[in-house]
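What follows is the residue order along each chain.
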Amino acid sequence: PLDSELLGRNTWAFLHTMAAYYPEQPSAEQQSNMTQFISLFSQFYPCHKCASHLREDLKTNIPDVRSNTKLSQWFCELHNSVNVRLGKVEFDCSKVLERWRDGWED
Ligand code: FAD
């Protein structure tokens, strides 16, 4: 059976790392591709309940694809909205690049 906690932990690691290493000054094409990636991701994420929440969220919460910093903040806030829904503590988004790019001990 699908372990949605393990999948979630690993997927967040991927998404936050992808955002941290996204360009500082992405081209118009890169911005459009990232927006599409997130939309396509929300169609195929294998935790279907999670994916359905995400698609609902994306209707009003447009990904900020203007830079790595902005995209990292956007994913951090998205993750926090899931944290709140699950009764987990919110993460301090000022520390998101420290956590996912520059490194700290977890
Ligand atoms: P996780 O929430 O997986 O976090 C992993 C690590 O990320 C943490 O240890 C922390 O260091 C860091 N972190 C925490 N918050 C943030 C943040 N805001 N920004 C940056 N880094 C952070 N589960 C459900 O039950 N229902 C859902 O609807 C649901 N929706 C999901 C949607 C998506 C897109 C994804 C990727 C996962 C979803 N999950 C959902 C799974 C859930 O978010 C967790 O991944 C899972 O519960 C395991 O939680 P965890 O406590 O191990 O830490």
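- As recorded in an unreviewed UniProt entry, the protein goes by Sulfhydryl oxidase and comes from Aplysia californica.

1. Considerations on the overall build of the protein
Thought 1: Regarding its fold elements, the protein presents five helices and zero strands.
Thought 2: Element order for the protein, N to C, with α for helix and β for strand: α-α-α-α-α.
Thought 3: For a compact globule of 106 residues, the expected C-alpha radius of gyration is about 13 Å, and the protein comes in at 14 Å, within 12% of that figure.
Thought 4: In the protein, the proportion of contacts linking residues at least 24 apart, taken out of those at least 6 apart, comes to 59%.

2. Details of the nonpolar core
Thought 1: With nine residues, the main nonpolar core is built from Ala19, Tyr22, Met34, Val65, Leu71, Phe75, Cys76, Val96 and Trp100.
Thought 2: For this core, the secondary structure elements donating two or more residues are α4 (68–85) and α5 (96–102).
Thought 3: When residues of this core are assigned to their parent elements, the largest contribution, three residues, is made by α4.

3. A short note on the environment of Arg9
Thought 1: Of note, Arg9 is situated in helix α1 (residues 4–20).
Thought 2: With 10 C-beta atoms counted inside 10 Å, the residue Arg9 sits in the exposed group.
Thought 3: Distance from Arg9 to Cys93, taken between C-alpha atoms, is 17 Å for residues 84 residues apart in sequence.

4. Here's the deal with the site of the ligand
Thought 1: Surrounding the ligand, one finds 22 residues, the nearest of these being Gly8, Cys50, Cys76, His79 and Phe91.
Thought 2: Contributions of two or more residues to the shell around the ligand are made by α1, α3 (48–58), α4 and α5.
Thought 3: No other element matches α1, which puts seven residues into the shell around the ligand.
Thought 4: Across the shell around the ligand, the residue classes break down as eight nonpolar, eight polar and six charged.

Calculation rules
Residues numbered from 1 in each chain as written. Predicted model: local features only at pLDDT ≥ 70, side-chain atom pairs only at ≥ 80, totals over all residues. Helix = DSSP H or I, 4+ residues; strand = E, 2+ residues; numbered from the N terminus. Rg over C-alpha atoms; globule rule 2.2 N^0.38 Å. Contact = placed C-beta atoms within 7 Å. Core = buried A, V, L, I, M, F, W, Y, C linked by C-beta atoms within 7 Å. Buried ≥ 20, exposed ≤ 12 C-beta atoms within 10 Å, placed from the backbone. Near = placed C-beta within 6 Å. Nonpolar A, V, L, I, M, F, W, Y, C, P; charged D, E, K, R; others polar.

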